[in-house]
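# Examination of the molecular architecture
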Amino acid sequence: MVRELSYDIVIVGAGPAGSSAAFAAAKLGHRVALLEREEAVAQTVRTSGVTWMDSIREFEIPESCYNPVKNYGFCSPNNEVVISSDTPMAAVLDVRKTYRWLAEKAQKQEAELYTNTTVTEASRDSNGITLNTTSNKEEIIFHAKIVIDASGFQTIVAKALGLVTQWKRFGAGAEYEVEVENADSDTWWLMVGQDYSPAGYAWIFPLGGNIVRIGVGVGKPESPVDPTIRLEEIIEKKLGPISKLGKIRQIEFHYGLIPNDGLSRKTVYDNLILVGDTAGMANPLVLEGIRYAIRFGRIAGETAANALLRGNLSEKALMSYEENWKKAIQSKINSASKVQSRWIGLSDEQWDKELDVIKELSIDEFLDFIKADFSIGSIVKLALNHPKLAVRQLFTIVRGSK
Ligand SMILES: Cc1cc2nc3c(=O)[nH]c(=O)nc-3n(C[C@H](O)[C@H](O)[C@H](O)COP(=O)(O)OP(=O)(O)OC[C@H]3O[C@@H](n4cnc5c(N)ncnc54)[C@H](O)[C@@H]3O)c2cc1C
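The structure displayed is predicted, hence computed values, not measured ones.

### Topic: the nonpolar core
Judged by nonpolar contacts, the single largest core of 125 residues is most densely connected at Val10 and Ile11. Looking at this core, the element that brings in the most residues is helix H6 (residues 290-310), giving 10 residues. If sequence neighbours within four positions are ignored, valine 10 has contacts with Ala33, Leu35, Leu131, Phe142, Ala144 and Val147.

Here you go:
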């Protein structure tokens, strides 16, 4: 017999967006179910986990969950720059620990976590949305007054309801977590140029001790290169900063896809909210989305909970969520997309020159740039008044004028 369960709010996907939404919604007193297809939260890691110390402080992520970073290395085939901050401004997350901490926070607010539970179909009914799932080999039907689709790249609910189609532009990334002889736990490396990735970049991110993550990201459909094959090749050839790591012992392989279609999706419908990668919320310059997933996951959860309290779950009643997150990041993402378009076409020689421009940035300018955290005002200021011509030219492109 098929079991049927009813909840106020059902959230699909216990990644950072889903767990954060479940935390916020359950905190406001609603019955919340959080569905995750894997046997445990973050059983499979699909991200390299770099984020920023200001976000870590904002979300109160425990110290045991991350390794702080204060030297930001950038290298091209014949150039390199290391920009440093006095105190760490970035961090590499222990992804499993952090995602589980987020899910536990939701459970402490009495959100009910169903692991090994895969949503296979979704349909509308007069009371909201119905989700068909396979849960530990059993079929369970979940009835929800409102659903938050936080299923990441898959976007299972909105797709099953026929509201969205598959992302066309996306990044594919492959990464090894490895133990190395010589790790510098304060320093990360972004590595650019054709040998690393013809449309994207490679990286070394330190996790503390002798552990680092070495990865390759490739933009699709711009390049047919398989990031896993390219990763094996750059490790084999010991390209650039990889040569300094000494002996490398593989611990774990990670692979993932991240949308790169800009903010093309509508993110609210009657009885449904999209958040995190499902909504395309990522900084397109380096394709990082964890902080947006957590921040807007919480806002999605609060919006759903408050709409339920008011008894109105229409698209119009939920629209404040979309207005809120777009106001916060839309212009930043659009500016970063312009830099990404410039970067994706650079030859090795042009990358060598681009690094000369990056060398001229102060630490604050560099971090705002990489984080895509610039306001329109600061872009205009940099484009008009920066003492270095090359920086003025770069920010003229970001501003979108000739
Ligand atoms: C290679 C790579 C490297 C990256 N590096 C960084 C980085 O350094 N820093 C950064 O900030 N971001 C990075 N990102 C992006 C970041 O991982 C995402 O932006 C972030 O994980 C989005 O969180 P989310 O909760 O929206 O989705 P996800 O983390 O993808 O979570 C979705 C969850 O939904 C579950 N799910 C999917 N389908 C179903 C279903 N049918 N039923 C039930 N559950 C389901 C999945 O198992 C998963 O747990 C990277 C991405 C990739 C691919």
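### Topic: the domain arrangement of the protein chain
Looking at the protein chain, the domain boundaries give domain 1 (3-43 + 96-165 + 265-328), domain 2 (50-94 + 169-259) and domain 3 (335-399). The distance between the C-alpha centroids of domain 1 and domain 2 comes to 29 Å. Only helix H3 (95-108) and H6 provide two or more residues apiece to the side of domain 1 that touches domain 2. Sort the elements by how many residues they give to the side of domain 1 that touches domain 2 and H3 lands first, with 4 residues.

### Notes on unusual backbone geometry
Going from lysine 220 to proline 221, the amide bond is cis rather than trans, its omega being 10°. Mapped onto the fold, proline 221 is located in the loop between strand S15 (211-220) and helix H5 (227-237). Not every positive phi belongs to a glycine, and lysine 238 is a case in point at roughly 50°. Note that lysine 238 resides in the loop between H5 and strand S16 (248-259). The phi torsion at leucine 287 lies on the positive side, around 50°, for a residue other than glycine. Summarising the element assignment, leucine 287 is placed in the loop between strand S18 (272-274) and H6.

Cut-offs and rules
Residues numbered from 1 in each chain as written. Predicted model: local features only at pLDDT ≥ 70, side-chain atom pairs only at ≥ 80, totals over all residues. Core = buried A, V, L, I, M, F, W, Y, C linked by C-beta atoms within 7 Å. Buried ≥ 20, exposed ≤ 12 C-beta atoms within 10 Å, placed from the backbone. Helix = DSSP H or I, 4+ residues; strand = E, 2+ residues; numbered from the N terminus. Contact = placed C-beta atoms within 7 Å. Domains from an automatic or database assignment.

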